[in-house]
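Below, each chain spelled out in residue letters.
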Amino acid sequence: MAESQRHPFLHGLSKHRGAPPTVVVIFGASGDLTARKLIPAVHNLSHDSLLPADFYLVGYGRKALLDDEFRGMAAEAIREFSRRELNPEAWGRVAAHTSYVAGGYDERPAFEKLAAHIDAIEQKLGREVQRLFYISTPPSVFAPIIINLGASGLAGKHLGTPLHSKVIIEKPFGKDLASARELNRTIRSVFAENQVYRIDHYLGKETVQDLLVQRFANAIFEPLWNRNFIDSVQITVAEEVGVGMRGGYYEQSGCLRDMIQNHTMQLLALTAMEPPGSLDAESIRDEKVKVLNAIQPLTIGPAGDVARAQYAMGMIGGKAAVGYLDEAGIAVDSNTETYAALRLSINNWRWQGVPFYLRSGKRMARRASEIAINFRRPPGTLFAGQTTRFDLAANTLSFQIQPDEGLSLILNTKVPGLETRTQPVKMSFRYATTFGSNTAEAYERLVLDAMVGDGTLFIRGDEAEASWKLCTPVLDYWRSVGRSGMDAYSAGSWGPPSADVLLAKHHHGWRQP
Ligand code: NDP
Ligand code: BG6
């Protein structure tokens, strides 16, 4: 099937996509992400017969593990984290081809050992295989791994053939613009861009992909999708969880790096971009880059476009939750934000004057991610002077990314009765009701897409840089002022007062998702 006919928006997890024989090497194989997401994804792909017949899994890490030990850990991870129960047949097919190589991330001889290990797989199989390297380690070793993949000849393997090597790189992609550029330079010194798959797992979510289908497969939205009809856009990615055991990572990261720079900016890009010329990876990514580059630099400082806060103690689901500064591994005077909100302006013909509000936080009232398109208020004049109030609600179209995935529209309706009284009502569509609830997880889609060579749902290097360009001045400013301006919100609430102030400038308020 031609590349242009194979993109995920049209074909999804189709059985006909046919990944070539592949060896997937996971760097950081004993880690949390491998256990919680990657191994279950491989199991579920095997369950759905979406893996190529000749599929091999190689774990790589510094920990000394026997093949059997790694297989045992993987089976345990499936039992604990997979959306499907461990299926002995599906897992058995993978386990029979699963092995482990111990080695450091900056040791060239260990990579040569890995290369020999994969060569031996090819020899035993009697044919060549595609090599897909999944870098699931802390970011500090992304660059050494990439350099060693180059030095050991693994990166260039089968170049110029459909079996060329590929690399999936986990987030965070850098910690600011300079480090993202540096990482891109390192990657480009070893790999061509079409070998590189930068993960943002939000793009693998069904509802995020549906955003494009809703926008471009329905004729009713496009005429309204602009400054003439839309008053503001709110993008919320709220989490109920706190930092948990990830304090060490989170202290270095914070909400802006962890969630805003990547996940929420991607949601913004898909919401605001122009219609692409086609649905192939480059057309979509070109449009995303254009809109990211059209965002005006943020005004930073008091009364600027950004708010940040940390959660304080509170109640979540009837249980007491400690504040961020009392979590394990967090400095008592930490100036890492667990919440960030931004007011963005997009300087182009379509969006000039329409504020885009982004917010994300941990320990918020509940887990809820949504994109809300607030339309301009209808004129109430037609109903004025009647017997009741005519405070007509603005129409809001909201995409519920998760949980309770769906789409809803708020409309004003007449309340039955002799007097003309209006009430906003919600018209809803729920994926679970229409399609059932056991849909593929993001990582299943993304691992498969990388295997078949489809980069649509991955971040291109220039996209990552465009987003960092916007966020880096904010991070620099926050670093320079320490804790000054750090607001607080109770765990279990919808965020800090300073986030409300951001919206008040335009007489707006945050929606409760
Ligand atoms: P872990 O901290 O669990 O590390 C993964 C593995 O990397 C470890 O098992 C260890 O293996 C090795 N490792 C750990 N620390 C170091 C170090 N300082 N230097 C070199 N190697 C180290 O990470 P996660 O699995 O949580 O995350 C992996 C990647 O995925 C990260 O980039 C993270 O940002 C990203 N990610 C993680 C998510 C999650 O929920 N966990 C969610 C989204 C993204 P060994 O000692 O055997 O070498
Ligand atoms: C990850 C962040 O990228 O996304 C985590 O590092 C966050 O801090 C997670 O919890 C949220 O993902 P999801 O799919 O659960 O919304």
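Not measured: the values here are computed from a predicted model.

So, about the overall build of the chain. The number of helices and strands found in the chain is 15 helices and 17 strands. A compact globule built from 513 residues would reach a C-alpha radius of gyration of about 24 Å, and the chain, at 24 Å, matches this within 12%. Along the first, second and third principal axes, the C-alpha atoms of the chain reach 85 × 50 × 45 Å. Taking all contacts inside the chain whose residues are at least 6 apart in sequence as the whole, residues at least 24 apart take part in 78%.

The next point concerns helix α11 (residues 281-293). For α11, which comprises 13 residues, the first-to-last C-alpha distance of 18 Å matches the rise-based estimate of 18 Å (1.5 Å per residue) to within 8%. Those residues of α11 not exposed but buried are Ala281, Ser283, Ile284, Arg285, Glu287, Lys288, Val289, Val291 and Leu292. For α11, the N-terminal capping position is held by Asp280, with its side-chain oxygen 3.1 Å away from the main-chain nitrogen of Glu282.

Taken together, the neighbourhood of ligand 2 is formed by Lys171, His201, Tyr202, Lys205, Glu239, Arg246, Asp258, Met259, His263, Lys362, Arg367 and Gln402. Asp258 has a polar side-chain atom sitting 2.6 Å from an oxygen atom of ligand 2. Against a free-state accessible area of 390 Å², the protein chains account for coverage of 81% of ligand 2. Here the shell around ligand 2 is composed, by residue class, of 2 nonpolar, 3 polar and 7 charged.

So, on to the side chain of Arg460. The residue Arg460 is located in the loop between α13 (442-452) and α14 (461-481) in this model. A distance of 2.9 Å separates the side chain of Arg460 from the side chain of Asp462, its partner in a polar contact.

With an omega of 0 degrees, the peptide bond running from Lys171 to Pro172 counts as cis. Structurally, the position occupied by Pro172 is in the loop between β5 (166-169) and α7 (177-190). With an omega dihedral of -15 degrees, the bond running from Gln402 to Pro403 counts as a cis peptide bond. Structurally, the position occupied by Pro403 is in the loop between β14 (396-402) and β15 (406-415).

Conventions we followed
- Residues numbered from 1 in each chain as written.
- Chains lettered and ligands numbered in written order.
- Predicted model: local features only at pLDDT ≥ 70, side-chain atom pairs only at ≥ 80, totals over all residues.
- Heavy atoms only, no water.
- Helix = DSSP H or I, 4+ residues; strand = E, 2+ residues; numbered from the N terminus.
- Rg over C-alpha atoms; globule rule 2.2 N^0.38 Å.
- Contact = heavy atoms within 4.5 Å.
- Expected span 1.5 Å × (residues − 1).
- Buried < 20%, exposed > 50% of the residue type's maximum accessible area, 1.4 Å probe, protein only.
- Polar contact = N/O pair within 3.5 Å; in protein donor to acceptor, adjacent residues only side chain to side chain.
- Near = heavy atom within 4 Å.
- Areas by Shrake-Rupley, 256 points an atom, 1.4 Å probe, with all protein chains shown as cover.
- Nonpolar A, V, L, I, M, F, W, Y, C, P; charged D, E, K, R; others polar.

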